[in-house]
Every structure is written in structure tokens, then in C-alpha cells.
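# Close look at the chain arrangement
Take a look at the letters that make up each chain.
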Amino acid sequence: MARENLSGQYASDTATIRALYDDWAPAYDGEIEGYGYEAPAVAAQRMAGLADPSNDRLLDVGCGTGLVGKALGDLGWRHVEGADVSEASLRIASTAQTYRAVHTADFNAPPTPFDSGSLVCVGVMTYLADVEEVCREFARIVAPGSPILLTQRTDLFEARETQAAFDALAADGTWDILDISDPMPYLPGHEEYQGIDVHYCVFRSR
Ligand SMILES: C[S@@+](CC[C@H](N)C(=O)[O-])C[C@H]1O[C@@H](n2cnc3c(N)ncnc32)[C@H](O)[C@@H]1O
């Protein structure tokens, strides 16, 4: 049976989300694969060609157990660090040895202590309610001219006026919007996610 009340926890506080993912960590990889989750591989593919995997540093925000890092590693990324609020998830990510380092961090409480080359954030914006604040933090973290890729659920893209937040950063010269994908499958094998897809959103910092 699918994990219950997963789709509706986007409005919970960070401590509740940390507890959810600490509890889920040992079973996460197997369960989410069973729901048809392909976002880590899709995101890694979309980063290809935007930066130099063998030389550029990349921060994986909300890395969880490390699925995105593994997908990036498969495509030749060598300087990946991860950050997440769930220490149980980070312990698993670190044993996979795909990250140079992993860090405990809450992206609902910027500023964070990071600087990086590129940045990816896959499956995490669900829990980061202030889209403009988070995007400004991402743009601050990366080097000028570097790519940022994030995913946003289609329902939350609308509810959080995500396009307006993206446009605000473009208007004041913080970044250029490279691509907002059409809706793509997110967790097609989970009954709560019927009708909820995902946008892959790519930017380049100025
Ligand atoms: C759906 S999982 C995605 C994990 C990984 N990116 C993947 O694609 O498998 C969401 C992750 O976001 C993390 N997260 C939630 N709120 C966060 C916050 N405020 N700061 C940092 N990470 C957070 C959770 O701990 C969890 O690991």
C-alpha cells in the first residue's frame, strides 16, 4: 500500500517534515521507485550540457538519501555536495559515497552557509513555501553564470504563484529563465498523485 498523506504535507512545519523523512529514510529508495519516481534521472539529464560535470561544483539541495547524487554521478559529476534537513536521510546519502560532503541545513531559514557552482533541488520545493525567498537564496549560492534546476509540483506551481516569483528574479536581473518544462510525470504509481505532475525549471544566474 502506498504511503498515506504524502501529497498533503506541504503546509507542515520543518520539524514535522524532518520527522517524516527521518522515519521514511530506510525505506525511501525502494518505496519511491515503486511509485514510478524518475525525477532524479530526468533532472540529471537536464543538467547535462549546462555545466562541466568533471570540474564544476554542484550543490544538491534536499538531497535526501542521495538519488539525485547517484544519477549525477552516473553522468560524470565529480564535485557534488548534498544538504538536507533529515539527518537520517543524510546518513544514507553519505554511505552511498556519491557526495564529497553532506550537510544538515534548513532551506526554510535562509541564509544558508553554502556557496557552489551549480545547484539542483528535486522534489523539495513542496516543503519550501516562500518560493521567491528560496529562489533568491539559490541564486546567492551559485556562481554568476551557473545553472540552477528545481522541480515544482503542478498544483503548487499555481497555488504559490511560482511563475510570478521566477519572473521577479528575472526582472531585477538576478537570473535568466532558461526553461519551464511542460507538466511531466511525478509519482504516477501513487494514488494521491493522480493529476499532480511536475515542472522542471531551469535558470542561469547573472
Ligand atoms: C521527496 S524528498 C526528495 C529527496 C531527493 N532530492 C530525491 O529526489 O530523492 C524531499 C527532501 O526534502 C528534504 N527537505 C524538506 N524540507 C527541507 C528543508 N526545509 N530544508 C532542507 N531539506 C528539506 C526532506 O528531508 C527530503 O529529503
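Up top is the structure.
Residues numbered from 1 in each chain as written. Predicted model: local features only at pLDDT ≥ 70, side-chain atom pairs only at ≥ 80, totals over all residues. Heavy atoms only, no water.

Another aspect to go through is the site of the ligand. In the neighbourhood of the ligand, 22 residues make up the surrounding shell, with Y28, Y37, G62, D84 and V122 lying closest. Separating an oxygen atom of the ligand from a side-chain N or O atom of Y37 is a distance of 2.5 Å. V122 is positioned with one of its backbone polar atoms (N or O) 2.8 Å from a nitrogen atom of the ligand. Within the complex, the protein chains bury 98% of what would otherwise be the 590 Å² of accessible surface of the ligand. Contributing elements (two or more residues each) for the shell around the ligand: α1 (14-34) and α3 (67-74). Broken down by element, the shell around the ligand gets its largest block of residues, 3 residues, from α1. (Near = heavy atom within 4 Å. Polar contact = N/O pair within 3.5 Å; in protein donor to acceptor, adjacent residues only side chain to side chain. Areas by Shrake-Rupley, 256 points an atom, 1.4 Å probe, with all protein chains shown as cover. Helix = DSSP H or I, 4+ residues; strand = E, 2+ residues; numbered from the N terminus.)

For strand β7 (residues 198-205), the buried fraction is high: 7 of the 8 residues fall into the buried class. As paired strands, strand β5 (residues 147-153) and β7 are joined by 7 bridges and run antiparallel to one another. The partner of L149 across the bridge, within β7, is V202. Here 5 bridges tie strand β6 (residues 175-180) to β7, and the two strands are oriented antiparallel to one another. Within the sheet, the bridge partner assigned to I177 lies in β7 and is F203. (Buried < 20%, exposed > 50% of the residue type's maximum accessible area, 1.4 Å probe, protein only. Pairing = 2+ DSSP bridges.)

To continue, consider the packing of aromatic side chains. Taken as a whole, this structure holds 12 aromatic pairs when the rule is applied. Where W175 meets F203, the ring centres are 3.7 Å apart and the plane angle is 10°; that geometry is what we call stacked. Of this pair, W175 sits in strand β6 while F203 is found in strand β7, placing the two residues 28 residues apart along the sequence. For W175, a relative accessible area of 0% translates into the label buried. Three or more aromatic residues link up through ring pairs in this structure, and these residues are Y21, W24, Y28 and Y127. (Phe/Tyr/Trp six-rings, centres within 6.5 Å; stacked < 30°, edge-to-face > 60°.)

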